[in-house]
Amino acid sequence: MDSETLSHVAQIISESEYLIALTGAGISKESNVPTFRGEDGMWRNYNAMELATPSAFARNPELVWEWYSWRQGLIAECKPNRAHSTLAKWEERGILNYVITQNVDGLHRRAGSANVLEVHGDLWATKCTECSHHGRLDAPADGVPKCPECGSKLRPDVVWFGESLDRDVMMSVYAELERADVCLVIGTSALVQPAASFPLIVKQCGGKVLEFNVEETPLSRIVDVHLSGRAGETLPRIDSLL
Ligand SMILES: [Zn+2]
């Protein structure tokens, strides 16, 4: 990537009045978090997309929890990368206002970001299948965890296929998208709805969209700048210019 593009992007970021970042699987992939898409999409003999559903949980909660426990163990071994840490640093310095992420791995928070909206939930969060209890695990689940209040089964507090997104989270997401004058889109192919429409909302409200991705995406044609490469390399390079 040429230094002229980097300086141009650094200038847009430093002039921004309300900067947000939208992140997807690509930023986690640089920390070796499995994406469960494509060739990563299998666990034992199960298709990941068939385990992350309400009907799979109703049929076999033990199996679904075993899969989540395995994923929690993997993620506990992964570390936030320099893209996560640069975003956390920018929040601390008042450059970045919010991170909106499709990832459930919690790496933004572990890197130090506090203003994070997790569109698909959080792999460590739980909710009761019967009452309104919400909680968090601090170690991978051992069997099917039970609600401390009513004793019913807990489930992972993530959004499964066929489920709608959390209404309160989405209200906050749309408010951020409308407020932003610059949005960084990092490591997301912009194919999965509703996240695919997020950058378009920023554009419709007059904001700029800067895309960071290792490859071109359907979004690349409409963004203000496409930065090709690993975000763990490009973001620190931009940071050094701020
Ligand atoms: Zn309960």
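Heads up: the structure comes first, above all this text.
What this report covers is the structure whose coordinates are included nearby.

Cut-offs applied
Residues numbered from 1 in each chain as written. Predicted model: local features only at pLDDT ≥ 70, side-chain atom pairs only at ≥ 80, totals over all residues. Heavy atoms only, no water. Pairing = 2+ DSSP bridges. Helix = DSSP H or I, 4+ residues; strand = E, 2+ residues; numbered from the N terminus. Axes fitted to C-alpha atoms, helices over the stretch in contact; angles between N-to-C directions. Phe/Tyr/Trp six-rings, centres within 6.5 Å; stacked < 30°, edge-to-face > 60°. Buried < 20%, exposed > 50% of the residue type's maximum accessible area, 1.4 Å probe, protein only. Donors = N, O, S within 2.8 Å, 3.2 Å for Na, K, Ca; no water. Tetrahedral: all angles 85-135°; square planar, octahedral: opposite > 155°, others 65-115°.

1. Considerations on the sheet that holds strand E10 (residues 208–213)
One open sheet holds the six strands; their spatial order is E5-E4-E1-E9-E10-E11, and the pairing between them is parallel. Two strands lie at the open edges of the sheet, namely strand E5 (116–118) and strand E11 (225–228), each paired on one side alone. Across the sheet, the mean angle from the axis of one strand to that of its neighbour is 15°, orientation sign disregarded. Pairing of strand E9 (residues 182–186) with E10 involves five bridges; the strand directions are parallel. Bridge pairing in E10 places isoleucine 186 opposite phenylalanine 212.

2. Regarding the packing of aromatic side chains
A complete count under the given rule lists four aromatic pairs for this structure. Residues phenylalanine 57 and tryptophan 160 carry aromatic rings whose centres are separated by 5.5 Å and whose planes lie at 40° to one another, so their mutual orientation is tilted. Here phenylalanine 57 is found in helix H4 (residues 54–59), whereas its partner tryptophan 160 is found in the loop between strand E8 (154–158) and helix H8 (167–179), with 103 residues between them in sequence. No difference in accessibility class separates phenylalanine 57 from tryptophan 160, as the two residues are buried.

3. Re the coordination of the zinc ion
In an ideal octahedron of six donors the angles at the metal are 90 or 180 degrees, and in an ideal tetrahedron of four donors they are 109.5 degrees. Protein coordination of the zinc ion is provided by Cys128 (SG), Cys131 (SG), Cys147 (SG) and Cys150 (SG), with donor distances spanning 2.2 to 2.3 Å. Note that the zinc ion binds four donor atoms; their angles at the metal cover 101 to 118°, and the shape is tetrahedral. In primary-sequence terms, the residues that donate to the zinc ion follow C-x2-C-x15-C-x2-C. Taken as a pair, cysteine 131 in the loop between strand E6 (121–128) and strand E7 (134–136) and cysteine 150 in the loop between E7 and E8 lie far apart in primary sequence, 19 residues in all. Take cysteine 131: its relative accessible area is 29%, and that puts it in the partly exposed class.

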